[in-house]
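Here is what each chain is made of, one letter per residue.
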Amino acid sequence: MSSPETGITGTAGNGAKDITVVHLMRHGEVENPEGILYGRLPGYHLSELGRKMAERVADHLASRDVTYVCASPLERAQETATPIAKAHGLDLATDERLIEADNVFQGKTFGVGDGALQRPENWKHLVNPFRPSWGEPYVDQVVRMMGALDAAKERARGHEAVLVSHQLPIWIVRSYVERRRLWHDPRKRQCTLASLTSFTYQGDRIVSVGYSEPAIDLVPVHLRAGAKPQKGKGTAQGKAFGA
């Protein structure tokens, strides 16, 4: 089985039975005019545009056989998942394992052009990009995200599930499944706002991974995959950091 979005090839044969699809969705755009790296901080909600993104994906998935919808406990993920659950007449579940990656720079502005890399007090957190030393280890993210995927697969076996999470955990678990190294250039993550990274299971085995962007026309160009980071504080930069 291959994914038309990514060209990834699996090993499922024709007529395969017990097929389950688990979609990992990144939340929509967040209201963050101060450009804070908000991480796991409470109180960060979807912007008006983010709500439109959530509704767009809910419409996109309305005809799909979704029997389970679950989200990270953070507000932006809950608000993104709510219209999807509503469209299928489902209660929205919460799984702590879908939460954003922990980061020592949470609550600060930290990005291109703000001088963060030149501050001596930050250097101790930047010594090991392979772990990474500034936040939750990549391996730990893989463990919890695989657990959330497997739990959703069991809840929706033979159907489809939607899990709303955050950019870095989604990209890390995808990299693991596709057997890529976990350390990476953040600018090259293929995980745009409101995108779907879809894992197809045959029985208990993942046989393909797909990627789609149902709301891409609503995503500002500078926040799309591969866009060049913008300098300075403000809404544009802050939203780029929001994962």
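Use the structure listed above.
Peer 1: Can you walk me through the sheet that holds strand β1 (residues 19-26) in this structure?
Peer 2: In any sheet, the strands associate via hydrogen bonds between backbone groups, in a parallel or an antiparallel arrangement. An order of β3-β2-β4-β1-β5-β6 is seen for the six strands of this open sheet, with the pairing classed as mixed. The open sheet terminates on both sides in strands that have one partner only, identified here as β3 (92-94) and β6 (205-212). Taken pair by pair, the neighbouring strands of this sheet meet at an average axis angle of 25 degrees, ignoring direction. Both β1 and strand β5 (residues 196-202) contribute to a ladder of seven bridges, which runs antiparallel. Residue I19 lies in a different strand from β5, and its bridge partner there is Q202.

Peer 1: Before we go on, may I ask you to explain the packing of aromatic side chains in this structure?
Peer 2: Centre distance and the angle of the planes are the two values used to describe a pair of aromatic rings. Inspection of every chain in the model, using the stated rule, returns one aromatic pair. Taken together, a centroid distance of 4.8 Å and an interplanar angle of 25 degrees make the contact between Y38 and Y44 stacked. Each member of the pair, Y38 as well as Y44, carries the same accessibility label: buried. Positioned over the ring face of W183 is R181, at 3.8 Å from the centre of the ring.

Peer 1: Help me out: how do you make sense of the pairing of β6 in this one?
Peer 2: Each regular strand carries side chains that alternate between the two faces of the sheet. Among the eight residues in β6, six count as buried, and that is most of the element. Sheet topology note: the β5/β6 ladder contains seven bridges and is antiparallel. Within the sheet, the bridge partner assigned to L196 lies in β6 and is S212. The hairpin formed by β5 and β6 contains two residues between the paired strands, and G203 there has a positive phi angle of roughly 65 degrees.

Criteria and thresholds
Numbering of residues starts from 1 in each chain and follows the order in which that chain's sequence is written. Under the rules for a predicted model, residues below a pLDDT of 70 receive no local features and side-chain atom pairs below 80 are neither given nor counted, while totals for whole chains, interfaces and linings still include all residues. Working from all heavy atoms in the structure, the side-chain values ignore hydrogens and water. For two strands to be treated as a pair, DSSP must find no fewer than two bridges joining them. Numbering of helices and strands runs from the N terminus, with a helix taken as a DSSP run of H or I at least four residues long and a strand as a DSSP run of E at least two residues long. In this analysis, axes come from line fits to C-alpha atoms, helices being fitted only over the stretch in contact, and the angle between any two N-to-C directions falls in the range 0 to 180 degrees. Here the aromatic set is Phe, Tyr and Trp, taking the six-membered ring for Trp, and pairing holds for ring centres within 6.5 Å; pairs whose planes are under 30 degrees apart are stacked, those over 60 apart are edge-to-face, and all others are tilted. Throughout, exposure labels follow a simple rule: accessible area from a 1.4 Å probe, protein chains only, divided by the maximum for the residue type, with under 20% read as buried, over 50% as exposed, and the rest as partly exposed. We call a charge positioned over a ring when the NZ of a Lys or the CZ of an Arg lies within 6 Å of the ring centre and within 35 degrees of the ring normal.

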